[in-house]
There are 4 protein chains.
Amino acid sequence: MQRIKVAVIGAAGYAGIELVRFVLNHPVFELVAASSDGDAGKALAEVYPALVGQTDAVFSTHDEAAAADAVELAFLAVPHTAALAMAPGLMAQGISVLDLSADFRLKDPASYERWYGVPHTQTGILAAAVYGLPELNRAGLKQLAARRADTAVLVACPGCYPTASALAVLPALAAGLAADAPVVINALSGISGAGKGATATTHFCNANANPNAYGVTTHRHTPEIEQTLSQAAGAPVKIVFTPHLVPLTRGLLATATLQLKPGVSAAALEAVYLDAYANEPFVQLLPRGIMPRTASVAGSNNAQLGIALDTHTQTLVASCAIDNLGKGAASQAIQCANILCGLAEKTGLTALAPVV
Amino acid sequence: MQRIKVAVIGAAGYAGIELVRFVLNHPVFELVAASSDGDAGKALAEVYPALVGQTDAVFSTHDEAAAADAVELAFLAVPHTAALAMAPGLMAQGISVLDLSADFRLKDPASYERWYGVPHTQTGILAAAVYGLPELNRAGLKQLAARRADTAVLVACPGCYPTASALAVLPALAAGLAADAPVVINALSGISGAGKGATATTHFCNANANPNAYGVTTHRHTPEIEQTLSQAAGAPVKIVFTPHLVPLTRGLLATATLQLKPGVSAAALEAVYLDAYANEPFVQLLPRGIMPRTASVAGSNNAQLGIALDTHTQTLVASCAIDNLGKGAASQAIQCANILCGLAEKTGLTALAPVV
Amino acid sequence: MQRIKVAVIGAAGYAGIELVRFVLNHPVFELVAASSDGDAGKALAEVYPALVGQTDAVFSTHDEAAAADAVELAFLAVPHTAALAMAPGLMAQGISVLDLSADFRLKDPASYERWYGVPHTQTGILAAAVYGLPELNRAGLKQLAARRADTAVLVACPGCYPTASALAVLPALAAGLAADAPVVINALSGISGAGKGATATTHFCNANANPNAYGVTTHRHTPEIEQTLSQAAGAPVKIVFTPHLVPLTRGLLATATLQLKPGVSAAALEAVYLDAYANEPFVQLLPRGIMPRTASVAGSNNAQLGIALDTHTQTLVASCAIDNLGKGAASQAIQCANILCGLAEKTGLTALAPVV
Amino acid sequence: MQRIKVAVIGAAGYAGIELVRFVLNHPVFELVAASSDGDAGKALAEVYPALVGQTDAVFSTHDEAAAADAVELAFLAVPHTAALAMAPGLMAQGISVLDLSADFRLKDPASYERWYGVPHTQTGILAAAVYGLPELNRAGLKQLAARRADTAVLVACPGCYPTASALAVLPALAAGLAADAPVVINALSGISGAGKGATATTHFCNANANPNAYGVTTHRHTPEIEQTLSQAAGAPVKIVFTPHLVPLTRGLLATATLQLKPGVSAAALEAVYLDAYANEPFVQLLPRGIMPRTASVAGSNNAQLGIALDTHTQTLVASCAIDNLGKGAASQAIQCANILCGLAEKTGLTALAPVV
């Protein structure tokens with residue numbers, strides 16, 4: 001099969017290097033540039049010794065990456081606002097963009113400005129972008145794939161918390177089972193979610209053995225989760241979102257508590273979830289009574305899900321485990337890219353990760 | 001000062017050996033017996049090498065411990081039902097009991113039978129017992145102290161999850177700020193909470209890097225938490241309680257989400273919490289914007305607390321960190337024992353634990 | 001390409017399930033049986049939730065696995081003595097064996113009896129077996145591959161400590177650079193090296209934050225390492241081997257200290273190592289000054305190596321990192337099986353593992 | 001008893017805050033200043049939330065600390081060269097110094113300059129300083145205590161690796177049991193040993209699950225260890241020292257391999273060690289066959305030790321566990337300060353640390 005040339009922009013960060021890994025493992029995508037303005041000129045293997053002997057690739061500058069010949073897709077693993085600045089130029093060159101930043105996730109530019117503190121300067125691209133959660137927007141992503149014949153397109157890849165939160169409750173909301181009450185989401189993230197920067201927060205002696213809530217009432221993933229849940233419910237949904245850091249490198253667990261309408265039974269709930277995820281290649285509903293664990297999905301694009309009905313309060317407890325760098329970032333972007341290129345969704349994503 | 005002789009029953013488990021540690025560090029209590037039917041005859045230092053050179057104590061049998069001369073207090077760190085069997089005999093000997101099991105926590109014997117699967121056979125003792133959360137029942141504990149002049153008494157020491165959960169929301173409930181909706185409590189526990197038994201769950205390779213919810217809708221601390229919150233509120237309170245295991249040895253974090261009545265302001269909330277905990281020797285309300293972390297309280301009897309008002313949903317998010325083996329078990333029992341003996345509550349509990 | 005049918009015997013243990021993973025990821029090998037007498041009848045995904053949605057395979061009994069149709073290769077991930085019992089029957093059926101136990105590693109049956117406490121009952125198979133460290137015995141493995149046309153053969157796959165220890169010092173010994181003094185090897189193993197059994201040792205609360213030496217002077221890998229180093233040196237080599245457990249799930253680091261002959265220079269050493277490993281597909285000598293880290297090889301068949309000359313004592317310090325379940329067990333067996341089947345050594349072993 | 005006023009200089013680092021903790025727990029020492037030029041003006045509890053509610057102390061500048069009234073002792077937990085600059089001024093004021101930096105450890109100024117890259121400017125103080133390993137230099141420390149009546153004195157507190165390394169082999173060397181060969185020391189340190197600075201090394205995602213050797217042949221503790229071992233042996237001793245970082249917050253394990261003279265028996269070895277440490281208040285020789293573990297000494301001033309004779313190579317393997325911030329830094333300085341003040345060595349150091 002004809003290889004498809006791709007560039008990873010911002011490749012030295014955690015999501016970026018994970019994108020590089022998935023591209024190198026991919027049978028169709030071909031890595032032609034991996035940029036990092038900070039590490040430009042260094043071998044990838046110098047920065048990440050795990051890559052010694054695995055690749056000779058060298059970090060380029062962004063400009064070099066953008067100028068690489070025949071690139072069809074660019075993955076942007078850059079901070080918010082950087083994608084705002086980069087996407088137009090890439091798209092003008094005909095390069096479609098898988099943006100892992102937050103810049104094109106919120107459909108309402110005013111909401112973006114409120115939560116990110118800067119005005120949205122690319123509202124045209126924003127309007128045409130599709131939010132890349134395949135379990136919610138597969139149809140939209142396929143339309144984008146069709147449009148890509150004519151023009152560069154952009155997929156706004158979801159954040160890690162929003163991905164796990166959404167997968168936990170989408171079926172219940174879409175089926176109209178939820179009562180009118182805020183959805184409470186408590187989530188646990190591994191430390192890689194805090195990024196590669198060396199800070200007081202990411203110091204081993206702070207992060208180890210030291211779970212803690214953070215960003216309470218203020219985390220920027222809040223409006224993104226609400227937007228997604230509201231889309232699924234067909235009506236505004238509010239959440240109370242409390243993220244926590246826990247001592248592991250990779251992994252994210254979102255546990256949602258959702259008030260159900262009176263009369264919704266465990267059997268009805270289960271049927272709705274089974275139906276919603278029966279054909280999803282990367283979402284596994286665990287058997288009754290089993291709750292998901294982050295280690296089970298580490299290194300993969302899988303999301304594992306457990307649900308329970310608390311009859312005492314008529315409440316759904318749904319817990320979803322993903323790898324924050326996998327389904328929560330890099331491999332979900334690959335899944336979207338596969339759709340964008342008309343490939344099977346599992347292409348390049350089938351290698352089993354360690355199970356111990 | 002005259003030493004008070006104490007026995008630790010079930011001293012080889014994690015809570016038991018922590019009780020031994022706090023007793024050995026205590027200026028008034030004197031350890032005269034540490035029993036473990038499984039390890040009887042072995043030196044404590046053989047089972048816990050950290051004690052090599054620190055104590056020559058040897059595990060006795062329960063019968064030997066119960067027969068020790070002049071014991072005034074017995075700490076029971078035994079499984080539920082074992083305390084039911086042991087307490088009457090000890091109390092008949094005039095020994096007051098600090099029971100760390102669940103056997104005397106639920107005031108309603110029917111609830112005990114429903115959640116623990118066995119009938120409650122000591123309803124007389126149960127009726128006279130006081131639930132040993134000093135922040136809620138200090139007056140009751142002091143009455144017990146007075147009664148101890150005449151008769152042996154029993155304190156039902158709280159579970160780890162109930163301690164942290166209660167401290168997180170008691171002030172709001174007691175002040176009547178809560179709306180009529182279930183309180184959602186998500187909690188994270190270190191692996192020592194699963195006990196000393198070697199199981200598939202406690203295997204390092206399962207527990208490491210692998211947060212997961214468990215006991216969803218079925219955890220036995222649920223009725224205990226509801227009983228405590230209802231006492232504080234003066235009306236029935238329901239909860240949705242979801243515990244998780246996270247990869248650390250010690251530490252417990254309970255994050256509660258509580259719907260507030262309309263109009264309750266952040267200032268009002270803060271005032272209520274400041275007032276409730278101003279004179280508590282072991283509860284620290286953190287400055288606005290700071291959420292508690294488990295490492296800060298490891299090895300101590302402290303509980304650290306952070307609160308935030310989510311104005312978007314008129315919800316309180318309150319997070320409380322304790323050491324599950326400290327304030328959640330052993331050192332809280334010492335605090336109760338101090339009250340029972342008319343000692344200052346901080347006696348033996350002032351040594352600072354490591355802060356890094 | 002024609003698939004080659006393989007069975008994994010003892011598939012429920014850590015090395016076993018990792019073999020299953022590598023076989024499922026392999027383009028030529030086809031898993032036709034995964035046996036576990038303890039878990040027979042259960043789905044693999046029931047025991048290892050990471051496999052939910054990834055495979056429908058069910059654990060069989062050993063007898064069912066041995067009777068599976070057209071199996072060409074059997075991987076034995078069973079305790080020592082079990083392989084002694086199983087190998088003859090499998091080989092009589094024409095099935096070649098990759099044995100991950102210790103039963104056929106020591107060439108001297110008397111040494112086996114001394115260290116493992118039982119007589120060696122299959123000395124014929126032992127004599128014909130090849131020790132499966134490709135970096136040392138590639139020629140022997142290729143001869144075995146040729147012989148497999150006529151008869152079933154057996155590869156004795158190396159232990160985890162011997163693999164890392166050997167790769168650390170083989171080049172220096174083979175080149176005759178070592179003085180006549182014991183080689184000191186200190187090694188660190190993740191907890192998965194202690195096996196899947198739930199024991200006091202593997203309990204999270206014991207293993208976490210608690211490095212310790214064990215098996216000092218008595219570890220059974222000692223004679224295996226000495227045999228391998230002596231083969232490389234062409235003369236008897238003695239070692240002082242001190243393994244340690246350290247708090248991680250997977251990973252093994254062996255640091256060897258080796259007295260050099262006078263006059264051996266850093267340049268000479270480096271040349272010898274570069275030459276020895278230049279064409280090895282899975283051994284990476286790191287740039288001067290860089291020492292290997294276990295996370296860099298986790299989940300892979302790679303071994304990373306760093307060397308330094310201590311001129312102060314004319315000593316080589318060589319440190320080698322592997323994944324104890326990868327190059328130290330499962331994936332090295334796959335590498336050997338590839339050689340046995342005439343496949344490229346990297347077949348099925350090229351997927352990059354996570355680099356963060 | 002009359003309190004003794006002390007200052008902790010450099011109190012915001014890990015060793016510094018641990019010194020603060022031990023001083024606050026001490027019945028005789030009274031903390032009158034805790035300086036940190038970087039955090040001056042902040043409450044200790046702001047920087048270390050574990051101290052909320054435990055102390056109202058505020059970080060001062062160094063100048064403020066030096067000017068505090070009636071300070072008798074200053075603990076210097078500052079980087080090397082800073083102690084060179086600070087000690088003379090403090091001593092001129094009559095303040096005795098417990099220096100935890102490396103500035104006064106190496107008796108040979110030329111060695112200091114070679115390893116630390118700067119000339120030693122305080123050779124007079126250096127000559128009079130005593131190296132504060134009580135197990136080796138108790139007599140010298142007592143002489144210093146006597147001299148303190150007349151003049152300020154300085155104790156050069158040992159590094160963490162040198163403390164554990166020395167305790168592992170001092171008895172064998174002092175008894176003349178060692179053959180003439182380099183002592184091989186492999187050591188494992190928790191991440192707090194790398195200091196409080198947020199760096200690529202201390203990032204959780206780098207340090208977690210990732211043991212690695214570092215500073216091979218170049219670590220600055222090498223000459224300090226050699227000096228100490230040579231003093232004990234009464235003759236020059238060379239070492240090959242290989243430190244490793246392992247994923248835990250606190251704890252240090254040094255495993256030494258030492259060639260013995262022919263004929264030295266296990267019984268003779270054991271007798272020598274038992275005799276050497278029989279009266280040491282903080283060193284515990286574990287029973288035959290037991291090797292020490294770092295968690296057993298975390299938070300304390302204890303050193304636990306195990307020894308084994310490898311008869312195969314006539315080699316001693318001795319492993320010693322300490323807390324790098326305890327006996328390896330802060331609490332050993334307190335032990336020295338106790339000696340300096342004529343207090344019992346265990347004063348303020350008896351509280352048991354958690355044993356689970």
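Residues numbered from 1 in each chain as written. Chains lettered and ligands numbered in written order. Predicted model: local features only at pLDDT ≥ 70, side-chain atom pairs only at ≥ 80, totals over all residues. Heavy atoms only, no water.

A.B. asks: Explain the interface of chain A and chain B to me, please; I cannot follow it from the model alone.
C.D. replies: It is common to give the size of an interface as the accessible area lost on bringing the parts into contact. With 41 residues of chain A in contact, the opposing surface of chain B contributes 41 residues. Overall, the association of chain A and chain B removes approximately 3,300 Å² of surface from exposure, summing both partners, and the carbon and sulfur fraction of that is 66%. In terms of surface lost to chain B, no three residues of chain A exceed A:Pro211, A:Arg293 and A:His312, which account for 15% of the buried area on that side. On inspection of chain A and its partner chain B, the count reaches 0 salt bridges. (Contact = heavy atoms within 4.5 Å. Buried area = accessible area lost by both parts, 1.4 Å probe. Salt bridge = Lys/Arg side-chain N within 4 Å of Asp/Glu carboxyl O.)

A.B. asks: Sorry, what's going on with the confidence of the model for chain A here?
C.D. replies: Chain-level pLDDT for chain A is 97 on average; 100% of the residues reach the 70-or-more range. The ipTM, which scores confidence in the relative placement of chains, is 0.97 for this predicted complex, and the corresponding pTM is 0.98. (pLDDT = per-residue confidence, 0-100.)

A.B. asks: In this structure, what is going on with the state of the cysteines? I would like to understand it.
C.D. replies: The term disulfide refers to a covalent linkage connecting the sulfur atoms of a pair of cysteines. Per the stated rule, a full pass over the model turns up 0 disulfides over all chains. With no disulfide of its own, B:Cys341 lies 11 Å from the sulfur of B:Cys336, the closest cysteine sulfur. For B:Cys341, a relative accessible area of 16% puts it in the buried group. There is no disulfide at D:Cys205, and the cysteine sulfur nearest it, in A:Cys160, is 12 Å away. According to the relative accessible area criterion, D:Cys205 is buried, its value standing at 10%. (Disulfide = S-S within 2.5 Å. Buried < 20%, exposed > 50% of the residue type's maximum accessible area, 1.4 Å probe, protein only.)

A.B. asks: Please clarify how the interface of chain D and chain A should be interpreted in this entry.
C.D. replies: Contact residues are listed per partner, giving 18 residues for chain D and 18 residues for chain A. Each partner contributes to the roughly 1,300 Å² buried at the junction of chain D and chain A, and carbon and sulfur atoms together form 68% of this total. Considering only the side of chain D, the residues that lose the most area to chain A are D:His203, D:Phe204 and D:Cys205, jointly responsible for 50% of the buried surface there. If you look at where chain D meets chain A, you find 0 salt bridges. Our enumeration of links across chain D and chain A arrives at 10 residue pairs in polar contact (both at pLDDT 80 or more). Among the elements that line the side of chain D that touches chain A, the one with the most residues is helix α9 (residues 204-207) of chain D, at 3 residues. (Polar contact = N/O pair within 3.5 Å; in protein donor to acceptor, adjacent residues only side chain to side chain. Helix = DSSP H or I, 4+ residues; strand = E, 2+ residues; numbered from the N terminus.)

A.B. asks: How should the nonpolar core be read in this particular structure?
C.D. replies: Within the largest apolar cluster, 111 residues are counted, with the highest numbers of intra-cluster contacts made by B:Phe29, B:Phe75, C:Phe29 and C:Phe75. Look past the residues within four positions of B:Phe75 in its chain and what remains in contact with it is B:Val6, B:Ala7, B:Val8, B:Ile9, B:Leu19, B:Val23, B:Leu98, B:Ala333, B:Ile334 and B:Ala337. A:Phe22, A:Ala207, A:Cys336 and D:Leu44 belong to the second-largest nonpolar core, a separate cluster that totals 109 residues. (Core = buried A, V, L, I, M, F, W, Y, C linked by side-chain atoms within 4.5 Å.)

A.B. asks: Mind showing me how you'd approach the sheet that holds strand β3 (residues 73-76) of chain B here?
C.D. replies: The strands that make up a sheet pair up through hydrogen bonds in the backbone, lying either parallel or antiparallel. Residues and elements named next belong to chain B. One open sheet accounts for 6 strands, arranged β2-β1-β3-β4-β6-β5; its pairing is parallel. This sheet does not close on itself; its edge strands, each paired only once, are β2 (29-35) and β5 (130-131). Pairing of strand β1 (residues 4-9) with β2, which is carried by 6 bridges, proceeds in the parallel orientation. By the bridge assignment for β2, Ala7 is matched with Ala33. (Pairing = 2+ DSSP bridges.)

A.B. asks: Honestly, the packing of helix α8 (residues 160-174) of chain B against helix α11 (residues 266-277) of chain B in this entry has me stumped. Any pointers?
C.D. replies: Helix packing geometry: the angle between the two helix axes and the distance between the axes. Residue and element names in this part refer to chain B. Running from amino to carboxyl end, α8 crosses α11 at an angle of 115°, the nearest separation of the two axes being 8 Å. In the packing of α8 onto α11, the handedness of the crossing is right-handed. For the pair α8 and α11, the contacting residues are Ala166, Leu167, Ala168, Val169, Leu170, Pro171 and Ala172 in the first and Val272, Tyr273, Ala276 and Tyr277 in the second. Of the residues in the contact of α8 with α11, the class split is 11 nonpolar, no polar and no charged. (Axes fitted to C-alpha atoms, helices over the stretch in contact; angles between N-to-C directions. Left-handed = near helix turned anticlockwise from the far one by under 90°. Nonpolar A, V, L, I, M, F, W, Y, C, P; charged D, E, K, R; others polar.)

A.B. asks: It is not clear to me how the relation of the copies chain D and chain A should be interpreted in this structure. Could you clarify?
C.D. replies: Turning one copy of the chain about an axis and sliding it along that axis gives the other copy, so a rotation and a shift relate them. When chain D is fitted to chain A, the residual RMSD is 0.0 Å, and the transformation amounts to a turn of 180° plus an axial shift of 0.0 Å. Interpreted geometrically, this transformation is the action of a two-fold axis. Relative to the rotation axis, the closest C-alpha in chain D is found at D:Phe204, a distance of 2.0 Å. Most of the interface of chain D is mirrored in chain A, where 100% of its interface residues again form contacts. (Least-squares fit on C-alpha atoms with pLDDT ≥ 70 in both.)

A.B. asks: Please explain unusual backbone geometry as it appears in this structure.
C.D. replies: Note: most residues except glycine have negative phi, and most peptide bonds are trans. If you check the backbone angles, B:Gln314 has positive phi at about 55° while not being a glycine. Assignment of secondary structure puts B:Gln314 in the loop between β12 (303-310) and β13 (315-322). Look at B:Gln314 and you get buried, because its relative accessible area is 18%. Phi at D:Ala209 takes a positive value of approximately 55°, unusual for a residue other than glycine. Mapped onto the secondary structure, D:Ala209 falls in the loop between α9 and β8 (212-213). According to the relative accessible area criterion, D:Ala209 is partly exposed, its value standing at 27%.

A.B. asks: Explanation requested: the sheet that holds strand β2 (residues 29-35) of chain D in the structure shown.
C.D. replies: Residue and element names in this part refer to chain D. Pairing is parallel in the open sheet, where 6 strands are placed in the order β2-β1-β3-β4-β6-β5. Looking at strand neighbours, the two that pair on one side only are β2 and β5 (130-131), the edges of this open sheet. Examined bridge by bridge, β5 and strand β6 (residues 154-156) share 2 bridges and lie parallel to one another. Residue pairing across strands places Val130 opposite Val155, the latter belonging to β6.

A.B. asks: Whenever I open this one, the domain arrangement of chain A confuses me. Can you help?
C.D. replies: All names here are of chain A. Assigned domains within chain A: domain 1 (4-157 + 329-340) and domain 2 (160-322). When each unit is reduced to the centre of its C-alpha atoms, the spacing between domain 1 and domain 2 is 25 Å. Counting from both sides, the interface comprises 26 residues of domain 1 and, opposite them, 29 residues of domain 2. When domain 1 packs against domain 2, close to 2,100 Å² is buried across both sides, 50% of that on carbon and sulfur atoms. Area buried by domain 1 at its contact with domain 2 is led by Tyr14, Trp115 and Glu135, which between them contribute 29% of it. The closest approach of N and O atoms between Glu224 and Arg105, which form a salt bridge, is 3.2 Å. Taken together, the connections running from domain 1 to domain 2 amount to 15 residue pairs in polar contact (both at pLDDT 80 or more). Going through the elements one at a time, α1 (14-24), α5 (109-116), α7 (134-147) and α12 (330-340) are the ones with two or more residues in the side of domain 1 that touches domain 2. Split by residue class, the side of domain 1 that touches domain 2 holds 11 nonpolar, 7 polar and 8 charged. (Domains from an automatic or database assignment.)

A.B. asks: Would you explain the pattern of salt bridges in this entry?
C.D. replies: Side-chain pairs of opposite charge can arise whenever the charged atoms involved come near each other. Evaluated as defined, the whole model comprises 44 salt bridges over all chains. The shortest N-O distance in the salt bridge between D:Arg148 and D:Glu72 comes to 3.3 Å. Here D:Glu72 lies in the loop between α3 (62-66) and β3 (73-76) and D:Arg148 lies in the loop between α7 (134-147) and β6, a separation of 76 residues in the sequence. Residues joined in a network through salt bridges with shared partners are A:Glu18, A:Arg21, A:Arg250 and A:Asp323.

A.B. asks: Which parts of the structure should I look at to understand the pairing of strand β1 (residues 4-9) of chain A?
C.D. replies: Remember that side chains alternate between the two faces of the sheet whenever the strand is regular. Residues and elements named next belong to chain A. Judged by how many residues are buried, β1 sits mostly within the fold: 5 of 6 residues are covered. Handedness of the crossover is the feature at issue here: the chain leaves β1, passes through α1, returns alongside strand β2 (residues 29-35), and the resulting connection is right-handed. Where β1 meets strand β3 (residues 73-76), 4 bridges bridge the pair, whose relative direction is parallel. Across the sheet, residue Val6 finds its bridge partner in β3, namely Leu73. (Right-handed = clockwise from strand over helix to strand, strands pointing away.)

A.B. asks: What is the right way to read the relation of the copies chain A and chain B from this model?
C.D. replies: Screw-axis analysis of chain A against chain B gives a translation of 0.0 Å along the axis, an RMSD of 0.0 Å, and a rotation angle of 180°. The share of interface residues of chain A whose copies in chain B are also at the interface is 100%, consistent with both copies meeting through the same surface.

A.B. asks: Is there a simple way to explain the environment of A:Cys205 in this structure?
C.D. replies: Within the secondary structure, A:Cys205 is located in helix α9 (residues 204-207). Contact partners of A:Cys205, with chain neighbours within four places excluded, come to B:Val356, D:Tyr14, D:Ile191, D:Ser192 and D:Thr249.

A.B. asks: What am I meant to see in the environment of D:Ala200 here?
C.D. replies: Assignment of secondary structure puts D:Ala200 in the loop between β7 (183-189) and α9. Distance from D:Ala200 to D:Phe22, taken between C-alpha atoms, is 30 Å for residues 178 residues apart in sequence. Beyond its immediate stretch of four places on either side in the chain, D:Ala200 contacts A:Ala198 and D:Asn206.

A.B. asks: Explain the pairing of strand β9 (residues 239-245) of chain D here, please?
C.D. replies: All names here are of chain D. With respect to burial, β9 is a largely interior element, 7 of its 7 residues being buried. Sheet analysis places β7 next to β9, joined by 7 bridges and oriented parallel. Looking at the pairing, Leu188 lines up with His244 of β9. Pairing of β8 with β9 involves 2 bridges; the strand directions are antiparallel. Bridge pairing in β9 places Ala213 opposite His244.

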